[in-house]
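Next come the chains, spelled out residue by residue.
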Amino acid sequence: MTQSNRDRSNPRWNRRNFLASTVVSTMSVGLLDRPATGAAAPAATNPRDPFKVTAQINGQRHQLSLDVRTTLLDALREHVGLTGTKKGCDHGQCGACTVLLNDRRVLSCLTLAASVDGQQITTIEGLSKPGGALHPMQQAFIDHDAFQCGYCTPGQIVSAVACVKEGHAETDADIREYMSGNLCRCAAYPNIVAAIKQAKSEMT
Ligand code: FES
Ligand code: FES
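Quick notes on the rules
Residues numbered from 1 in each chain as written. Chains lettered and ligands numbered in written order. Predicted model: local features only at pLDDT ≥ 70, side-chain atom pairs only at ≥ 80, totals over all residues. Heavy atoms only, no water. Helix = DSSP H or I, 4+ residues; strand = E, 2+ residues; numbered from the N terminus. Expected span 1.5 Å × (residues − 1). Buried < 20%, exposed > 50% of the residue type's maximum accessible area, 1.4 Å probe, protein only. Contact = heavy atoms within 4.5 Å. Core = buried A, V, L, I, M, F, W, Y, C linked by side-chain atoms within 4.5 Å. Axes fitted to C-alpha atoms, helices over the stretch in contact; angles between N-to-C directions. Parallel < 35°, antiparallel > 145°, perpendicular 65-115°, else oblique. Left-handed = near helix turned anticlockwise from the far one by under 90°. Nonpolar A, V, L, I, M, F, W, Y, C, P; charged D, E, K, R; others polar. Pairing = 2+ DSSP bridges. Arc of directions from axis to C-beta.

Caption draft 1: The arrangement of helix H5 (residues 153-165) in detail. For H5, built from 13 residues, the straight-helix expectation of 18 Å at 1.5 Å per residue is met to within 8% by its first-to-last C-alpha distance of 18 Å. Along H5, the residues classified as buried are Thr153, Pro154, Gly155, Gln156, Ile157, Val158, Ser159, Ala160, Val161, Ala162, Cys163 and Val164. Buried residues along H5 sit against strand E3 (98-101), strand E4 (104-107), helix H4 (136-143), helix H6 (172-178) and helix H7 (189-203). Positive backbone phi, at 80 degrees, marks Gly167, one or two positions downstream of H5.

Caption draft 2: Region of interest: the side chain of Gln138. Secondary-structure assignment places Gln138 in helix H4. The residues contacting Gln138, other than those within four sequence positions of it, are Ile124, Leu127, Ser128 and Ile157.

Caption draft 3: Molecular detail of the nonpolar core. Grouped together as the largest cluster of nonpolar side chains are 25 residues, with contacts concentrated most on Met137, Phe141 and Ile196. Contributing elements (two or more residues each) for this core: H4, H5 and H7. Judged by nonpolar contacts, the second largest core, of 16 residues, contains Val53, Leu64, Val99 and Leu101.

Caption draft 4: Expanded view of the packing of H4 against H5. Following both chains from N to C, one finds H4 and H5 inclined at 125 degrees, their axes separated by 9 Å at the closest point. Here H4 is positioned oblique relative to H5, judged by the angle of their axes. At the point where H4 passes H5, the crossing takes the right-handed sense. Here Met137, Gln138 and Phe141 of H4 come into contact with H5, specifically with Thr153, Gln156, Ile157, Ala160, Val161 and Val164. In terms of residue class, the contact of H4 with H5 is made up of 6 nonpolar, 3 polar and no charged.

Caption draft 5: Broad picture of the sheet that holds strand E2 (residues 60-67). Spatially, 5 strands are ordered E2-E1-E5-E3-E4 in an open sheet, and the strand pairing comes out mixed. On the outer flanks of this sheet lie E2 and E4, each paired with one strand and no other. Taking the axes of each pair of neighbouring strands and ignoring which way they run, one obtains an average angle of 40 degrees across the sheet. Sheet topology note: the E3/E4 ladder contains 4 bridges and is antiparallel. What sits directly across from Val99, in E4, is Val106. Of the strands in this sheet, strand E1 (50-57), E2, E3 and strand E5 (120-122) are in contact with helix H3 (residues 72-80), which crosses E2 at around 105 degrees.

Caption draft 6: Inspection of H4 at higher detail. Looking only at H4, the buried set comprises Met137, Gln138, Ala140 and Phe141. Down the axis, H4 shows its buried residues gathered within 165 degrees of arc, on one side only. Lining the buried residues of H4 we find H5 and H7. Where H4 terminates, the next one or two residues include Asp145, which has phi positive at roughly 50 degrees.

Caption draft 7: Main features of the pairing of E1. When E1 meets E2, the two strands line up antiparallel, connected through 8 bridges. Residue pairing for E2: Lys52 is matched across the bridge by Ser65. The antiparallel hairpin formed by E1 and E2 contains 2 residues in its connecting segment, where Asn58 sits at a positive phi of about 50 degrees. Examined bridge by bridge, E1 and E5 share 2 bridges and lie parallel to one another. Each residue of the ladder has a partner; that of Ile57, found in E5, is Ile121.

Here you go:
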């Protein structure tokens, strides 16, 4: 096996370098877009320097200093301490890491934290009321036993809240289609659909 083949067979190498090259490419495009003013070029930024990100997370302002390659998922779990958002596949395939970015659902494992500067993030911890009262979707999941092991549940609930707000919960088929990005290895799907139908009637 050649050196390059060995490197490509290492998923950590691939992911880290994919993120690093994405950030470096983005920064390069930004620099190319700048008009030529004749002024001295600014000192080159080292893409591995810590990057400052400020975001409203569950209504609270957080300022973080992160490696530019940090995903939103890792920022939430490891830097903010919000471990409700789960890491399932870490490859955009399971939906366990779903959070709301300005009320739109996103996969936080595929979102660079550097890209959410100035944005609003809502995680599973931010759905309940300040006094602890559960969101109707959280209560509906309990009422319908819409989980078994519970690992996928935070992502399912956050995604379900957005599904209802998007108007994609009119029929069982709609719910199944628009929740299809959230996998449940325990196959609690019938109960999840029932829970979303209950919560929808309470959210609208
Ligand atoms: S952990 Fe993000 S989609 Fe699986
Ligand atoms: S409840 Fe176990 S994976 Fe969904």
